[in-house]
Amino acid sequence: MNILIIGSGGREHTLSWKISQSELCDQLYIAPGNGGTSQHGENISINANDHEGIIQIIKDKNIEMIVVGPEVPLVAGLKADIKDAVDHPPVFVGPGKSGAILEGSKAYSKEFMKKYDVPTAAYGTFDASTVDEAFAFLDSLSAPYVLKADGLAAGKGVLILDDIDEAKAELKEMFSGKFGDASTTVVIEEFLDGIEFSVFVLTDGKSYVVLPEAKDYKRIGEGDTGLNTGGMGAISPVSFVDDALMQQVTDKIIEPTVRGIQEEKMDYRGFVFIGLINCGGTVKVIEYNCRLGDPETEVVIPRVKNDLVPILYSLGDQSLSNHKIETIDDHAATVMLVSGGYPGSYAKGKDIELPDSHDGTIVFHAGTKIEDGQLQTNGGRVIAVTSMHADFTDAVNQSMSIANQIQFEGKYFRTDIGKDLL
Ligand code: AMP
Ligand code: GLY
């Protein structure tokens, strides 16, 4: 079958690397893709948010399955737009708008968790007309204060503040458009103290499978300090996630989440990324995302032994229950190489030199492009180096070693990925 992947990050390179290995995959297209995805299929220069352009590819290239990487087209209803425009729509991997709201509205997702008894931080939802109630709720909490823009804000919509007056001032700014329409409504949450990890569930709306868990490293600086980023590295498996903890996650979180998706009659056939926090043995949900995480995908997908194509294709006729995920026991560690200045402003178009390929390491591209045959930087997050090894330390060290060998002007990466768990 002909398959189309939407997106241009390390997540999409990983998916194209995996999907292109399937005997069931004839032609693979990636829109818009990056300098790495073109090793595995044909890049088509159409933006991930260009629904009309995507529909044209589906028609022109006879696409039978489409896998959507990023959240924005999902929340914007790409699935329904394709259904309306194409006679025989491809199998669509990703929720429709009614499911993507689990990520698209934090207020909705908190309400959902409350309704289905999914453990999460205590919260209140407010807008400019309830600012007094919002201040009273903040006064009832203790520091630090967590403010979340309701809508999509490119990963920037969560503020964590130590000072009550600062929290109140920021809240007012959020109501007056700090994050545009996304912060017209704000969720205020109790701060949870613990260690974060995530699980990835694939559901066809009837049953579900769970992919290997992961832990990402969000902040720019060593020791998880400084500004938040899209993610500076990830590891899988996660040492503190033992069978008992995973059982708790299954019983208290995954099962009620899938039941909620069914009872709300959401159009959900795709991945649910559940961001979790382990607070001294009790796991709570930080957030839902309606897609795979990046860079978590770069460690999770390489640990899946199965051919991914029949599993994803089974979402079409809701026959996922015929499949079982087989996991590779090896440890995977990915280190993200970023452009100097990221997550602030940074330069693009710097030449990249890659070392020879190395057994056990995969170089996944994120913000890269090929310009006149030369690989160049094209974004903040540039390359994710994933290594797999029976031993966790060896996996981490090998990724570090390759990260050192990759050259481009302004290159930066964290050297402490995974070290907190050694
Ligand atoms: P989110 O976009 O909801 O994942 O939030 C971004 C990050 O903020 C999370 O990965 C956490 O590190 C942090 N965070 C969000 N909510 C809370 C909370 N209630 N308590 C502590 N940290 C939080
Ligand atoms: N790495 C976090 C995310 O993809 O949202």
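Notes on the structure in this doc start here. (Residues numbered from 1 in each chain as written. Chains lettered and ligands numbered in written order. Predicted model: local features only at pLDDT ≥ 70, side-chain atom pairs only at ≥ 80, totals over all residues. Heavy atoms only, no water.)

1. Quick notes on the pairing of strand 4 (residues 65-68)
Successive side chains on a regular strand alternate, one facing one side of the sheet and the next facing the other.
Logical step 1: Residues of strand 4 alternate between two faces, with Met65 and Val67 on one and Ile66 and Val68 on the opposite face, all of them buried.
Logical step 2: With four bridges joining them, strand 1 (residues 3-7) and strand 4 adopt parallel strand pairing. Each residue of the ladder has a partner; that of Ile6, found in strand 4, is Val68.
Logical step 3: Strand direction decides the pairing type here: strand 4 and strand 5 (residues 91-93), joined by three bridges, are parallel. Bridging across to strand 5, Val67 finds its partner in Val93. (Buried < 20%, exposed > 50% of the residue type's maximum accessible area, 1.4 Å probe, protein only. Helix = DSSP H or I, 4+ residues; strand = E, 2+ residues; numbered from the N terminus. Pairing = 2+ DSSP bridges.)

2. Regarding the site of ligand 2
Logical step 1: Around ligand 2, the neighbouring residues are Asp216, Gly230, Phe273, Asn289, Arg291, Gly293, Asp294, Pro295 and Glu296.
Logical step 2: At 3.2 Å from a nitrogen atom of ligand 2 is found a main-chain nitrogen or oxygen belonging to Gly230.
Logical step 3: At a separation of 2.9 Å, an oxygen atom of ligand 2 approaches a polar side-chain atom of Arg291.
Logical step 4: Taken by itself ligand 2 offers 200 Å² of open surface, and the protein chains cover 86% of this.
Logical step 5: Residues belonging to the shell around ligand 2 are distributed by class as follows: two nonpolar, three polar and four charged. (Near = heavy atom within 4 Å. Polar contact = N/O pair within 3.5 Å; in protein donor to acceptor, adjacent residues only side chain to side chain. Areas by Shrake-Rupley, 256 points an atom, 1.4 Å probe, with all protein chains shown as cover. Nonpolar A, V, L, I, M, F, W, Y, C, P; charged D, E, K, R; others polar.)

3. Regarding the pairing of strand 16 (residues 270-279)
Logical step 1: For strand 16, the tally of buried residues reaches ten of ten residues, placing the bulk of the element in the interior.
Logical step 2: The pairing of strand 10 (residues 195-203) with strand 16 spans nine bridges and is classified as antiparallel. Bridge pairing links Thr203 to Gly270 in strand 16.
Logical step 3: With antiparallel pairing between neighbouring strands as the criterion, strand 16 and strand 17 (residues 282-289) make up a hairpin whose turn holds two residues, including Gly280 at a positive phi of roughly 55°.

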